[in-house]
There are 2 protein chains.
Amino acid sequence: MAVTIKDLAKIAGVSYATVSRALNDHPEVSIETKEQIKKIARENGYSPNEIARGLVKKNTNTLGLLVPDISNPYFPEVAKGVEDRANREGYNIFLCNTGWNTEKEIQYIKTLRDKRVAGIIIAPAASDTYKKVKSLELDNPVVYIGSRSDDRSMSFVIIDNEKASSMATEYLIELGHTDIAFIGGNENSVANEERFNGYRNALKIHGLEREVHIVKGSSFNRESGFNLMSASIKEGRIPHAVVCANDIIALGVIEALESNFYNVPGDVSVVGFDDIAYASLPKINLTTVAQPKYDMGSMAADIVFRKIGARQSGAGNHIVLQPALIKRGTCRKR
Amino acid sequence: MAVTIKDLAKIAGVSYATVSRALNDHPEVSIETKEQIKKIARENGYSPNEIARGLVKKNTNTLGLLVPDISNPYFPEVAKGVEDRANREGYNIFLCNTGWNTEKEIQYIKTLRDKRVAGIIIAPAASDTYKKVKSLELDNPVVYIGSRSDDRSMSFVIIDNEKASSMATEYLIELGHTDIAFIGGNENSVANEERFNGYRNALKIHGLEREVHIVKGSSFNRESGFNLMSASIKEGRIPHAVVCANDIIALGVIEALESNFYNVPGDVSVVGFDDIAYASLPKINLTTVAQPKYDMGSMAADIVFRKIGARQSGAGNHIVLQPALIKRGTCRKR
DNA sequence: AGCTAATTCGTAAACGTTTACGAATGGCTG
DNA sequence: CAGCCATTCGTAAACGTTTACGAATTAGCT
């Protein structure tokens, strides 16, 4: 159907090798024939078959990006970072929404591998993502984003979740809160665990350990935050403050508190995590810890490209960026 | 580097055609050799080269999806719809963020064409997207999502933007507002235009035409909404109500109003468009018109697959879904 | 003129698959 | 036992490119 390089060759009266060279601006073809061939290509609406080209060049100009939930405003931001960076290199990205499901993750990674993507960027769904991926023994460079495994051979770009969470918790402690709860997201998520650890460590350091008020997480979404907080309220457990594993969880938590006539921050202080765009709405005004989402995306892509350049896989690249506590309106002195 | 079908053939002591057939479960190879070959494939970590396969099968199992701004929560939702539907067919999707830029759109489409995607789903950036795309004379099936051109040969899945906008405007009129403003998004966006027309028609029908209070749009984002409303306020133009081309614009509008000490809905009623997830937050509680975002995505993918099945391109498929006015808390009787 | 070197192009192989066609083997029927 | 069909596999071509190698032509130089 589509016009190929051979068709052009027939029209131009040259061999198809010459056509290929002309279109790729090789020096060993004369200016005139180059012009001629390019003209013919234009006139016939020729479009190079990238997949044929990819076969011989062993390069698909394609990256894979796995995110747990593209509906969480955190991820579109990193996706943009990845894509913009990839674009500068002429690469496209496969977006894969894993739904916090490691099965689906592996499924996706396998097809990305079969499609011979040049690299894979993973915002992992759970802690066993790492082993599972490792067991795949991929040839493709992989870089994790948002959380890390302790396997130093893997590359990642993260913020120090634990420290960030500690910062948030200590801020709450400074404000005079002692009964501080943690409401988590997916329990098997590494980021969730790190954030929980940061929270607990901060309490421990300030001698508040016995006050730890854990609400086990379930999912990184509004409903989960709402339900967990509601349940806690129903049990009569009303903490002074709550640190949430996520901004959207925080939104659900606030929703639950206020629908039970607890004022935020009047009665309960709340701090989120991620600083999604909607956290800064005056009506929301959520105190939270910010991550450089876009930059994390572009840096992850950057690492992939470095790995592609350097032929040997080499050691893992590790980038840990600084979080920032954004003090807004959902926390108050007690 | 990677193990190929020929390597497996050598190990198994059969021809590589047999290997191919075995791995694809062709009937003409005996059960035993099939098992044998599959075992060898597993042991050697064989992964089929999809791009080589794609070359001969002329099929990449890949779709392209163009969205203007993945950061607008509307688009991740349709992206999910597209992706989930595509996944059921074993397809992956290239996500392309066009930034409301038709140049970038065309650029993307060209590389998608070169990469021989099976189909392209476009949430167009502007009204001239249609002609530009048409002039590309693509072989790939294309379906538009979110807005249509009058060229009936093109496929699309949309809601009736004009009607939806009319609904919203009439609701405002019913509530007793007469001075109703429209704050738009990107001016050359078709959806924006349709929504503006719906607004104006509603006013006309109710004899309010002279009251039309147009604030020309600039972009589909919060800053734009904020700036336009702020400017209007600065000029002393405080409408009774404002219909926004977008939820995030509405958020910006509300922000501007309230930071100037106008109460919503006490002083000014506001209605948005899209019903993004954050519109339903109690603190936001935005009255808006909802689109079945996820379904629109999956239906668009559906059309693509139908087109792939039917060899001839055929007529355009047109799906127009029903919007729903979601009455929440940002509108009040006057 | 004769030789070398540069320029320009064509031939063919390769990338890793799928698949049409044909060949070999074996079993069955009459 | 001849003939035939079914089963199972191999050979080779094809998909649309890139590129190493070599051939042909021209130009430059002595």
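Before going into details, it helps to say that this report is about the structure given with it. (Residues numbered from 1 in each chain as written. Chains lettered and ligands numbered in written order. Predicted model: local features only at pLDDT ≥ 70, side-chain atom pairs only at ≥ 80, totals over all residues. Heavy atoms only, no water.)

## Observations regarding the environment of valine 142 of chain A
Inclusion rule: By definition, any uninterrupted DSSP run of H or I lasting at least four residues is a helix, any uninterrupted run of E lasting at least two residues is a strand, and each is numbered from the N terminus.
Topologically, valine 142 of chain A is positioned in strand 4 (residues 142-145). Residues valine 142 of chain A and aspartate 114 of chain A, spaced 28 residues apart in sequence, show a C-alpha to C-alpha distance of 15 Å.

## Observations regarding the relation of the copies chain B and chain A
Using the following cut-off: To superpose the copies, least squares is applied to the C-alpha atoms of every residue with a pLDDT of at least 70 in both.
Each copy of the sequence occupies a distinct position, and chain B is placed on chain A by a rotation of 180° and an axial shift of 0.0 Å, giving an RMSD of 0.0 Å. Here the symmetry operator amounts to a two-fold rotation axis. For chain B, the residue whose C-alpha comes nearest the rotation axis is phenylalanine 94 of chain B, separated from it by 2.3 Å.

## Regarding the protein's contact with DNA strand D
Worth spelling out the cut-off: Distances are taken per atom, and a residue is near a molecule or strand as soon as one of its heavy atoms is within 4 Å of it. N or O atoms within 3.5 Å of each other form a polar contact, as long as, within protein, one can give a hydrogen and the other can take it, and as long as residues adjacent in sequence are counted only when both atoms are side-chain atoms. Each residue receives one of three labels: charged for Asp, Glu, Lys and Arg, nonpolar for Ala, Val, Leu, Ile, Met, Phe, Trp, Tyr, Cys and Pro, and polar for the others, Gly being one of them.
Near DNA strand D you find 32 residues, and of these Ser20 and Arg53 of chain A together with Ser15, Thr18 and Arg21 of chain B are the closest. Considering the 4 Å shell around the protein, atoms of DNA strand D inside it are sugar or phosphate in 61% of instances. Between DNA strand D and the protein, one listed contact pairs a base nitrogen with a side-chain N or O atom of arginine 21 of chain A at 3.2 Å. Of all the secondary-structure elements, those providing two or more residues to the surface near DNA strand D are helix 1 (5-12), helix 2 (16-23) and helix 4 (50-57) of chain A together with helix 2 (16-23) and helix 4 (50-57) of chain B. At five residues, the largest contribution of residues to the surface near DNA strand D is made by helix 4 of chain A. Here the residues of the surface near DNA strand D are counted per class, giving 14 nonpolar, eleven polar and seven charged.

## Considerations on the nonpolar core
Filter applied, for reference: Think of a nonpolar core as a cluster: buried Ala, Val, Leu, Ile, Met, Phe, Trp, Tyr and Cys residues, connected wherever their side-chain atoms sit within 4.5 Å. Exposed residues in this analysis have more than 50% of their type's maximum accessible area, buried residues have under 20%, and partly exposed residues fall in between, with area computed by a 1.4 Å probe over protein chains only. Any pair of residues with heavy atoms lying within 4.5 Å of one another is described as a contacting pair.
By size, the foremost hydrophobic cluster in this structure holds 146 residues, and its most contacted members are Val270 of chain A together with Val270 of chain B. Excluding its chain neighbours within four sequence positions, the residues that come into contact with valine 270 of chain B are Val242, Cys244, Ala250, Val253, Ile254, Leu257, Val264, Leu286, Thr287, Thr330 and Cys331 of chain B. Counting residues in each nonpolar core, the second largest holds 40 residues, with Ile122 and Val133 of chain A together with Ile122 and Val142 of chain B among its members.

## Structural notes on the packing of aromatic side chains
Any two aromatic rings considered together are summarised by their centre-to-centre distance and by the angle between their planes. Test applied: Think of it this way: a Phe, Tyr or Trp ring, Trp meaning its six-membered ring, pairs with another when their centres are within 6.5 Å, and the plane angle makes it stacked under 30 degrees, edge-to-face over 60, tilted otherwise. For a ring to carry a charge above it, either NZ of a lysine or CZ of an arginine must fall within 6 Å of the ring centroid while also lying within 35 degrees of the normal to the ring plane.
Enumeration according to the criterion identifies 16 aromatic pairs over all chains in this entry. Ring geometry for phenylalanine 196 of chain A and tyrosine 199 of chain A: centres 5.7 Å apart, planes at 40°, overall tilted. In this pair, phenylalanine 196 of chain A and tyrosine 199 of chain A both sit in helix 9 (residues 190-205), three residues apart, roughly one turn of the helix. A residue is classified by how much of its surface remains accessible, and tyrosine 199 of chain A, at 0% relative accessible area, is buried. Ring pairs connect the aromatic residues Phe182, Phe196 and Tyr199 of chain A, which therefore count as one cluster. Directly above the aromatic system of phenylalanine 273 of chain A lies the positively charged group of arginine 195 of chain A, at a separation of 3.7 Å from the ring centroid. The ring of tyrosine 16 of chain B has lysine 6 of chain B sitting right over it, with the charged end atom 5.1 Å from the ring centre.

Fair warning: the whole summary comes from geometry, so function is off the table for now.
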